[in-house]
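Analysis of the macromolecular model
One letter stands for each residue in the lines below.
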Amino acid sequence: MIHRPSLPHPEGSVFRTDDSRDGHVADSSSHRWFREFLPTVHRNSLTYSSVQANPITGERSPRWVSDRNWSSAMGLRDRNWSSAMGLRDRNRNGREWTANGFVPEPRTTKLEDGTDGSGGVNRWMDIRPSSRKCEFWNRDSSMGWFRASTASGVVMIRKSLISQASHHSTRRGVIARNFQHETLRKKSTSAAPVPRPVPLSKLTDSFLDGSSSVYLEELQRTWENDPSSVDASWDNFFRNFTGQVSSSPGLCGQTIQESMQLLLLARAYQVNGHLKANLDPLKMEEREFPQDLNIATYGFSDADLDREFFIGVWRMSGFLAENQKVMTLRSMINWLEKAYCGSIGYEYMHIADRDQCNWLREKIEEVDPEMYNKDRRVVILDRLIWSTQFENFLATKWTAAKRFGLEGGETLIPGMKEMFDRAADLGVESITIGMSHRGRLNVLGNVVRKPLSQIFNEFSGGIKPVDEAGLYTGTGDVKYHLGTSYDRPTRSGKKLHLSLVANPSHLEAVDPVVIGKIRAKQYYTNDSDRTKNMAVLIHGDGSFAGQGVVYETLHLSGLPNYTTGGTIHIVVNNQVAFTTDPSCGRSSQYCTDVAKTLNAPIFHVNGDDMEAVVYVCELAAEWRQKFHSDVVVDIVCYRRFGHNEIDEPSFTQPKMYQIIQGHPTSLEIYQKKLVELGQISADEIQRIHGKVKSILNEEFANSKDYVPKKRDWLSNYWAGFKSPEQISRIQNTGVKPDILKTVGKAITILPEDFDAHKAVKRIFDLRAQMIETGQGIDWAVGEALAFATLLIEGNHVRLSGQDVERGTFSHRHAVIHDQKTGAKYCPLDHIRINQNEEMFTVSNSSLSEFGVLGFELGYSMENPNSLVLWEAQFGDFSNGAQVIFDQFLSSGESKWLRQTGLVVLLPHGYDGQGPEHSSARVERFLQMSGDNPYVIPEMDPTLCNQIQECNWQVANVTTPANYFHLLRRQIHRDFRKPLIVIAPKNLLRHKDCKSNLSDFDDVEGHPGFDKQGTRFKRLIKDKNDHSELEEGIRRLVLCSGKLYYELDDKRTKDGIKDVAICRVEQLCPFPYDLIKRELKRYPKAEIVWCQEEPMNMGAYNYVAPRLCTAMKSVNRGFMDDIKYVGRSPSAATATGFASVHTKEQKDLIKKALQFDSIQ
Ligand SMILES: Cc1ncc(C[n+]2csc(CCOP(=O)(O)OP(=O)(O)O)c2C)c(N)n1
Ligand SMILES: [Mg+2]
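What counts and how
Residues numbered from 1 in each chain as written. Chains lettered and ligands numbered in written order. Predicted model: local features only at pLDDT ≥ 70, side-chain atom pairs only at ≥ 80, totals over all residues. Heavy atoms only, no water. UniProt positions renumbered as here; feature names shortened; annotations may be inferred. Helix = DSSP H or I, 4+ residues; strand = E, 2+ residues; numbered from the N terminus. Buried < 20%, exposed > 50% of the residue type's maximum accessible area, 1.4 Å probe, protein only. Contact = heavy atoms within 4.5 Å. Areas by Shrake-Rupley, 256 points an atom, 1.4 Å probe, with all protein chains shown as cover. Donors = N, O, S within 2.8 Å, 3.2 Å for Na, K, Ca; no water. Near = heavy atom within 4 Å. Polar contact = N/O pair within 3.5 Å; in protein donor to acceptor, adjacent residues only side chain to side chain. Salt bridge = Lys/Arg side-chain N within 4 Å of Asp/Glu carboxyl O. Pairing = 2+ DSSP bridges. Axes fitted to C-alpha atoms, helices over the stretch in contact; angles between N-to-C directions. Core = buried A, V, L, I, M, F, W, Y, C linked by side-chain atoms within 4.5 Å. Phe/Tyr/Trp six-rings, centres within 6.5 Å; stacked < 30°, edge-to-face > 60°. Parallel < 35°, antiparallel > 145°, perpendicular 65-115°, else oblique. Left-handed = near helix turned anticlockwise from the far one by under 90°. Nonpolar A, V, L, I, M, F, W, Y, C, P; charged D, E, K, R; others polar. Expected span 1.5 Å × (residues − 1). Arc of directions from axis to C-beta.

An unreviewed UniProt entry lists the chain under the name 2-oxoglutarate dehydrogenase, mitochondrial, from Zostera marina. What UniProt records for the chain under Sequence similarities (unreviewed entry) is the sentence "Belongs to the alpha-ketoglutarate dehydrogenase family." UniProt, in its Subcellular location (unreviewed entry) section for the chain, records the words "Mitochondrion matrix".

Overview of the overall build of the chain
From N to C terminus, the chain includes 38 helices and 28 strands. Taken across its 1159 residues, the chain has 61% of its residues classed as buried. A separation threshold of at least 6 residues defines the contact pool for the chain, and within that pool the share at least 24 residues apart is 78%. Total accessible area on the chain is roughly 45,100 Å²; 51% of this is exposed by carbon and sulfur atoms.

Points about the coordination of the magnesium ion (ligand 2)
Protein-derived coordination of the magnesium ion (ligand 2) comes from Asp541 (OD), Asn574 (OD1) and Val576 (O), at a distance range of 2.0 Å. Counting residues between consecutive donors of the magnesium ion (ligand 2) along the chain gives the motif D-x32-N-x1-V. With a gap of 33 residues between them, aspartate 541 in helix α19 (residues 541-546) and asparagine 574 in the loop between β12 (567-573) and α21 (582-585) connect regions that are remote in the sequence.

Overview of the site of ligand 1
If you check the shell around ligand 1, you find 15 residues, and the closest are His437, Arg438, Asp541, Gly542 and Ser543. In this structure, serine 505 approaches ligand 1 through a main-chain N or O atom, which is 2.9 Å from a nitrogen atom. The backbone of leucine 507 places a nitrogen or oxygen atom 3.2 Å from a nitrogen atom of ligand 1. For ligand 1, whose accessible area on its own is 580 Å², the fraction buried by protein is 75%. The leading source of residues in the shell around ligand 1 is α19, at 3 residues.

Quick look at the pattern of salt bridges
One pass over the full model with this rule turns up 55 salt bridges. Across the salt bridge formed by glutamate 611 and arginine 377, the nearest N and O atoms sit 2.6 Å from each other. Of this pair, glutamate 611 sits in helix α22 (residues 610-627) while arginine 377 is found in helix α14 (residues 374-397), placing the two residues 234 residues apart along the sequence. The class for arginine 377 is buried, based on a relative accessible area of 8%. Between glutamate 1144 and arginine 1127 there is a salt bridge, with its nearest N and O atoms 2.5 Å apart. Here glutamate 1144, found in helix α38 (residues 1138-1153), pairs with arginine 1127, found in strand β28 (residues 1122-1127); they are 17 residues apart in sequence, far enough to count as distant. What makes arginine 1127 buried here is its relative accessible area of 8%. In the salt-bridge network here, residues are joined through shared partners; they are Arg376, Arg383, Glu418, Asp421, Arg488 and Glu618.

Section: the sheet that holds strand β21 (residues 953-955)
Taken together, the 7 strands give an open sheet; going across it, the order is β18-β15-β19-β20-β22-β21-β26, and neighbouring strands pair in mixed fashion. Taken across any chain shown, the strands that pair with only one partner, and hence form the sheet edges, are β18 (840-844) and β26 (1066-1068). The sheet shows a mean angle of 20 degrees between the axes of neighbouring strands, taken without regard to direction. In the sheet, strand β20 (residues 903-907) pairs with strand β22 (residues 979-983) via 5 bridges, with the strands oriented parallel. Opposite valine 904, over in β22, you have isoleucine 980 as the bridge partner.

Let's talk about the sheet that holds strand β24 (residues 1035-1039)
By definition, the strands of a sheet pair up through backbone hydrogen bonds, in either a parallel or an antiparallel sense. Read across the sheet, 5 strands follow the order β23-β25-β24-β27-β28 without closing on themselves; strand pairing throughout is mixed. Only two strands of the sheet have a single partner each, and these edge strands are β23 (1019-1020) and β28. Bridge count for β24 against strand β25 (residues 1059-1064) is 5 bridges, and the pairing is parallel. Counted as the bridge partner of arginine 1035 is valine 1059 from β25.

Brief notes about the nonpolar core
Leu785, Leu828, Phe885, Val954, Ile980, Leu1047 and Cys1090 are the most contacted members of the largest nonpolar core, which has 144 residues in total. With 9 residues, the single largest contributor to this core is helix α28 (residues 779-792). Among all residues touching isoleucine 980, those that are not within four sequence positions of it are Phe885, Leu889, Val904, Leu906, Phe925, Trp952, Gln953, Val954 and Ala955. The next biggest cluster of nonpolar side chains, apart from the first, holds 106 residues, and it includes Val313, Ile413, Ala423 and Val614.

Here we look at unusual backbone geometry
Backbone torsion omega between cysteine 1068 and proline 1069 reads -10 degrees, so that peptide bond is classified as cis. Positionally, proline 1069 belongs in the loop between β26 and α36 (1072-1081). Positive phi outside glycine occurs at asparagine 526, with the angle close to 50 degrees. Along the chain, asparagine 526 falls in the loop between α18 (510-524) and β11 (533-540). Owing to a relative accessible area of 57%, asparagine 526 belongs among the exposed residues under this scheme. Although it is not a glycine, arginine 530 adopts a positive phi angle of roughly 60 degrees. Mapped onto the elements of the fold, arginine 530 is located in the loop between α18 and β11.

With respect to the packing of aromatic side chains
Tallied over the entire structure, the rule returns 29 aromatic pairs. Consider the rings of phenylalanine 393 and phenylalanine 456, whose centres lie 5.2 Å apart with planes at 40 degrees: the pair is tilted. Remark: phenylalanine 456 occurs in helix α17 (residues 452-459) and phenylalanine 393 occurs in helix α14; sequence separation between them is 63 residues. As far as the burial class goes, phenylalanine 393 and phenylalanine 456 line up, both buried. With centroids separated by 4.7 Å and ring planes inclined at 70 degrees, the aromatic side chains of phenylalanine 964 and phenylalanine 1000 adopt a geometry described as edge-to-face. Of this pair, phenylalanine 964 sits in helix α34 (residues 960-971) while phenylalanine 1000 sits in the loop between β22 and β23, and the two are 36 residues apart along the sequence.

Quick notes on the packing of α17 against helix α25 (residues 682-703)
α25 packs onto α17 with a crossing angle of 60 degrees between their chain directions and a minimal axis gap of 8 Å. Classified by the angle their axes make, α17 and α25 are oblique. Along this stretch, α17 crosses α25, giving a crossing that reads as right-handed. The segment α17 lies against α25, with Leu452, Ser453, Phe456 and Asn457 engaging Leu696, Glu699, Phe700, Asn702 and Ser703. For the contact of α17 with α25, the residue count by class is 4 nonpolar, 4 polar and 1 charged.

Overview of helix α27 (residues 758-773)
An ideal rise of 1.5 Å per residue puts 22 Å on 16 residues; α27 measures up with 22 Å between its terminal C-alpha atoms. Among the residues making up α27, those that are buried are Val760, Phe764, Arg767, Met770 and Ile771. Along the long axis of α27, the arc covered by the buried residues comes to 110 degrees, so they all point the same way. Looking at α27, the residues exposed on the side facing more than 90 degrees away from the buried face are Lys758, Arg762 and Glu772. Those residues of α27 that are buried lie in contact with α26 (737-748), α28 and β16 (816-817). Positive backbone phi, at 75 degrees, marks glycine 774, one or two positions downstream of α27.

Description of the environment of alanine 502
Here alanine 502 is to be found in the loop between β10 (495-500) and α18. We classify alanine 502 as buried; its relative accessible area is 13%. Considered as a pair, alanine 502 and glycine 483 are 19 residues apart in the sequence and their alpha carbons are 4.1 Å apart.

Here it is, written out as structure tokens:
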């Protein structure tokens, strides 16, 4: 790579500002823009706008204006410079900028002459594009003073400054303070006569006050002694000022306005250069080049092209660097065009951070992206040949198979490889990739290095591996959804672990999953600066712009408990989505515009320019490792064939496909370029082709005998975990009483000096009492005990979701806030000595379901020794994450052989809060359960693997202790299975929903202890201690959730003794064994399923066939013998009328307990 040469910089020629921000955003940035650019030597030396005559003496003098007056001086109504200069909106600049120049505003400020200056246009400088310069600079003979001797000029300047300053004494005071402050700071570092720095935001109308003129005098004296001791631009200024001819002929006569206009031009390239960049390989896109990239907009013409200018800006990098050499306008434009309008279009001016922008400017403006040496080029070519040949090979061998080929976007593969190599050089050790269909096989084969023989074998129909002990095969997935992982050696000899996450067809759904996985990897590898583990997401142009989860994922990137130190996004932008043109698929200019919500740079690159693709891919890796934030590479390419290989694209994109037909491949283009440059011979290219072809053929031959190996789903952390077919011992979950007491204290005692809210204090006092007495433990404490005991056993616990720290229902208070200082305290962070800060993580999330649930799912998949929970605000909202439930959580293990023990907490319950705050829609989770309703699985305690075989568990528990055991069970088993908890709302504070500490411990004889020990109870039998045979019970009511308490309350109130109520705590997998036990206990009882949900919802449709199967097995009847008590079928989940709710609830409870048999 070649760095453009730069000149050494003479220090201290400009005013400084402390503003470290950069960018270009609307109003605030316009001001910032002004501050950033105007500290040029020209602005500081003389900032003027008009010539005015002294009404008494007739003497003409310039009118000085400061930044505050520039806008009015330039005839702008407001100070929105960016719009005025056409930077933001090219259409908006016409208002004030007319053919005659800027139209002056009616003035209200008094001029020195006491008039309001409304003398007309002739009193203002003429900066019409045609003249470009201040008229008086070149033409007006009355400007003789300006070229006059130093002394008189300076006196004049001083006079003018002083008289200005006197109008604004108050403001000058502010300036003086700033001067002093800055001067003190500078003194120690510079002996040279430097301008006194002024925070320009503080400048008033009189910024060139008396002290400035002293400064000018000093500077001039220094210059007179040694012209080279001052900055070149000051040198130029004084030469002009004293009438000397500039050493640089071109510089002679560079006006303030020209300086400004050049700055605007440079800025326009930085902001809008990408609009002129050559991005589309097909050259189909009709783009109007922005006017603000036209020199005429700034008053220049071809006649100026060979004039020389200087435009260095303090604290800028790249083209505008302060030490930049003097250049002709032509070379400036060439430079800017090359940097911004070549094969790469850069968007970064939305980034607020100046250092980041400067870093990018250096990379963009000072580095030539095309300068790779010969060796690099041969490697790049080799990789491009692999990428191209891979697709060709599949196309010739399987002509009609769907593979969603990469043709047209083949440069992705070398780009990715170079990106990964660069990332590895910069410290990345592991990359997790998420991507959809397009080019996936190519990425799998060429980047992740899945064995080609395996890919080819899968193409030939694949062989479903034979089921054998320990080799669970699941139901599988199509080849372009499968994932894999591989340790890949890098260019510099390092090892890079690569994995591609399996994903569903649902575009972009895998994004948050990948990010969550990376975050977990970072936790487990102590990657605290997040530089070793990185995510790369590959998107389609249609889906990146269209799918909301993209935005949800992007928005996790900066959140403390979700950030992964930056994701690299690559868009394979083939300018079509299936059959839809971009113009119909998005409203934004680019498909990547969504990323502008972050401070992410976006690099658009012409996919036909191999080296430009490599350059931006490397740049993205560098950005990520340097700034630890997201970055986007948009590879603008095309899709050579249809959406898939059996599609006819000309039905819908005839013109595009005519062009594509005659368009050379990116490989052809690159080969030609390298041959022309003499970097490689045609023979050598043929040799590489031959090598690749023969390997592909070899692998194809091997694929016929390919035998799928034992699945690699058990990564290191999962060693020893059981597959769904291996029997895993059921473990007890009770905890020793002394441990319960110890952790109980840790979670209930607050630090002495912590000033908690008094209501929270009361809650914690009560909690302490619960632990102390061992009685009345409520839901929140039960949950905290589960977390604490898992932590003490060395497990990681992470709970995230909206408002989970306090808890939606103000019940959890996992994080409390000091009422005076605002400090936070999380009791569960203090369970172990020196507990890792993140070991227990509870975090309020962004207001997203899809994104956050996906993230937690990914997180949970990394390491089994963690309890990862996501809580919905109300269960009703979980359907915003439906894709994650459907495509990943319920079916991921079966499709992709990956386990997760993710816990989903879904607050649910009919309490009159209306149709959107009542139902978690348990029916949906149950409907997706994979257990057979007509077959009772092996239920012998020693042989049982019912849960392992099922896809997930759905529970609706009714006691804090059972919740505690349910959570602990997730970890205390040799397999992982997702758990959906239909969580309570009013039970959180229900007087009867309490447990005793003895329900949590493992002491034999305690209530929680049954035949096997203390465990989660899948079914809670009637509380009345019934014997094994109760013939006097006329009805057995089976229910789940909080309804139990309402039924029991009514039964107690009405003194009903012949109705038994059992709670089905685990709905799925169905507890056949325990149901059968209860059916046998009450041989004469009418069997009722009671629920508060409408008949078409709730658990009824899931329970009924399974209950029937259980009944049949013990001769207790058939389907018709199951009586339903609950709400009638309904479209809405619940009524919106509280009174209707109350009546409905009352009626169903009454009916469940009625004396007469139920019809
Ligand atoms: C969420 C979702 N909606 C719709 C589809 C159906 N679909 C498959 S590919 C595709 C077009 C994708 O276009 P783009 O993102 O540009 O990727 P490309 O195929 O062009 O690479 C569509 C609509 C899908 N897979 N997922
Ligand atoms: Mg597309």
